[in-house]
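If you want the building blocks of each chain, they are given just below.
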Amino acid sequence: MMNQSAAVVVDRLTVVRGTTTALREVSLALEPATLTGLLGPSGAGKTTLMRAIVGVQRLTSGTVTVLAHPAGAPVLRDRVGYVTQDPSAYADLTVRQNLRYFARVLGAPAADVDRVIGQVELDGQADQVVQTLSGGERSRVSLAAALLGDPQLLVLDEPTVGLDPVLRRDLWALFRSLADTGATLLVSSHVMDEATRCDRLLLLRGGGLLADGTLAELQAQTGQSDPEQVFLHLIDHGIGGAA
Amino acid sequence: MNPRLLLATAGRVLAQLRHDHRTIGLLVGVPTLLMTLLWWIYDGGGVFDQAGPPLLGIFPMVIMFLITSVTMLRERTTGTLERLMTMPIRRADLVLGYAVALGFAALLQTAVVATFSIWALDLQVAGPEWMLLLISVLSAVLGVTMGLAASSLARTEFQAVQFMPALLFPQFLLCGLLVPRDQMPAAAEAISDVLPLSYAVDAVKEVAVAPDPTIWPEVLVIGAFIIGLLALGILSLRRRSA
């Protein structure tokens, strides 16, 4: 066991899907009340790792412990919020109908629905059918559903894809305030400047954990200052590789 | 099982249907139109009274099978199922919530089609008409439960639609509507004995000809199939996937 107090502990996790190894001996720990960025090229295993943490991924070997319970344990089901990569909401229901249903499933108070609608800035669209929303609005419906019931752990798979810079800034400010008030967040992203907003970064490549540290540490290790360059350097050379 | 979550799910599925006016129209309109066509090609009369009652159950069954398997598949492919599987809802509450909502839709659909067939098309049965309605509703609910069970076999909506001819047409051929079951080759009759539609058609044929029909053995068998298919639908839903 790496860390007794950690919110999430992944220990030598391997996931083999058919003939491909999606994750290979990945070990990591997430401290409570932190905002961690999960970076990596597409196909690196980010979504598989997130699915393992929320307990819907079949594991080949290794363990995943969430809030001191095995990932996916029934006691965790109202304490972990998950946003899938594709916005998951019922297209033929309104925003409010979607959130009301998920709130009932979670046993969250009805007032939570209005709170999360405000948090993702969808007040104006609350009674609109999801089908008629823009892509960015839909992904915010999906995010709102994950915020219901104040989960202790939030696992967000590319929640800011397709959003304009203003909304992205606002959502990252929301993520920061959630971490500051005690939630643990794991957020995957393709946008490297978002790395600057995280307490810590995890970099996956080819199913393996390539780097794990603060942006400052990774900048020092790679000798690069621009987050984009840090990322590219690590992908090309790994930790400690010559520039 | 948690009745609160079961009903929340049923309410949500019905709300989805309510938003889809065209589907509601098709749900009620298509079997009504098909019964009218049947009446028309047989010019009303005796053959219509023989072929009508079984088809009064079979048309809704096929439609409910399709609607159910596609709705359930949509839950899978849009990621909402994955989200629900991380939440405190039991698989039974989800599947039974679907069954209750779509069973209710099947009840409304069959009630409209049966009423129309009896009053407007003058469909005549020897037995009581409520028995005809009961078996037709049970056939439609069979369609719902077969759809729930089949949706786990399909990965895409494209595949789900193709399970309709794969699972329903053999039952249609063997149910005794085209050839009485006791006149089939022995092996075909044996297969028809384990298919749910055979019992629905047996019962409805009895209602068509007997003034005082005994349908309870068939109703019991159909009920057992419904429960078994629901159990299959629940067990085939997996929280974790590869």
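As a reminder, the structure under discussion sits directly above these lines.
### Here's the deal with the sheet that holds strand S2 (residues 20-30) of chain A
Residues and elements named next belong to chain A. Taken together, the four strands give an open sheet; going across it, the order is S2-S1-S4-S5, and neighbouring strands pair in antiparallel fashion. Edge positions in the open sheet fall to S2 and strand S5 (69-70), since each of these has one partner strand only. Two elements, strand S1 (residues 8-17) and strand S4 (residues 61-66), share five bridges in a ladder whose sense is antiparallel. From the neighbouring strand, Val9 faces S4, where its bridge partner is Thr65. Its contacts with the sheet place helix H1 (residues 46-54) against S1, S2 and S4, and it is angled at close to 120° to S1.

### Describing a nonpolar patch on the surface
Residues and elements named next belong to chain B. Nonpolar side chains collect at one region of the surface, where Leu33, Leu37, Trp39 and Trp40 lie side by side and expose about 460 Å² of accessible area between them. Considering the arrangement of structural elements, one finds Trp39 in helix H2 (residues 21-41). For Trp39, a relative accessible area of 34% corresponds to the partly exposed category.

### Points about the sheet that holds strand S9 (residues 200-205) of chain A
Residue and element names in this part refer to chain A. The sheet built from six strands is open, its strands ordered S6-S7-S8-S3-S9-S10 with mixed pairing. This sheet does not close on itself; its edge strands, each paired only once, are strand S6 (80-83) and strand S10 (208-213). Neighbour to neighbour, the strand axes of the sheet diverge by 15° on average, direction disregarded. Strands strand S3 (35-39), S9 and S10 of the sheet are contacted by helix H7 (residues 227-237), whose axis makes an angle of about 40° with S9.

### Topic: unusual backbone geometry
Its identity as a non-glycine residue notwithstanding, Arg12 of chain A has a phi of 45°, on the positive side. Here Arg12 of chain A shows up in strand S1. At Asp43 of chain B, a residue that is not glycine, the phi angle is positive and equals roughly 55°. Following the sequence through the fold, Asp43 of chain B ends up in the loop between H2 and helix H3 (45-77). Here Asp43 of chain B falls in the exposed class, since its relative accessible area comes to 69%.

### Here's the deal with the interface of chain A and chain B
Between chain A and chain B, the contact holds 31 residues from the first and 27 residues from the second. Summing both partners gives a buried area of about 2800 Å² for chain A against chain B, and 53% of it is carried by carbon and sulfur. Linking chain A to chain B there are two salt bridges. The partner of Asp92 of chain A in a salt bridge is Arg74 of chain B, with the nearest N and O atoms 3.5 Å apart. Applying the counting rule to chain A against chain B returns 18 residue pairs in polar contact (both at pLDDT 80 or more). Among the secondary structure elements, those contributing two or more residues to the side of chain A that touches chain B are H1, helix H2 (95-106) and helix H4 (135-147) of chain A. Looking at the side of chain A that touches chain B element by element, the count peaks at six residues for H2 of chain A. Classifying every residue of the side of chain A that touches chain B gives 16 nonpolar, eight polar and seven charged.

Conventions we followed
Residues numbered from 1 in each chain as written. Chains lettered and ligands numbered in written order. Predicted model: local features only at pLDDT ≥ 70, side-chain atom pairs only at ≥ 80, totals over all residues. Heavy atoms only, no water. Pairing = 2+ DSSP bridges. Helix = DSSP H or I, 4+ residues; strand = E, 2+ residues; numbered from the N terminus. Contact = heavy atoms within 4.5 Å. Axes fitted to C-alpha atoms, helices over the stretch in contact; angles between N-to-C directions. Patch = residues over 30% accessible without salt bridge, like charges linked within 9 Å, V, L, I, M, F, W, Y side chains within 5 Å. Areas by Shrake-Rupley, 256 points an atom, 1.4 Å probe, with all protein chains shown as cover. Salt bridge = Lys/Arg side-chain N within 4 Å of Asp/Glu carboxyl O. Buried < 20%, exposed > 50% of the residue type's maximum accessible area, 1.4 Å probe, protein only. Buried area = accessible area lost by both parts, 1.4 Å probe. Polar contact = N/O pair within 3.5 Å; in protein donor to acceptor, adjacent residues only side chain to side chain. Nonpolar A, V, L, I, M, F, W, Y, C, P; charged D, E, K, R; others polar.

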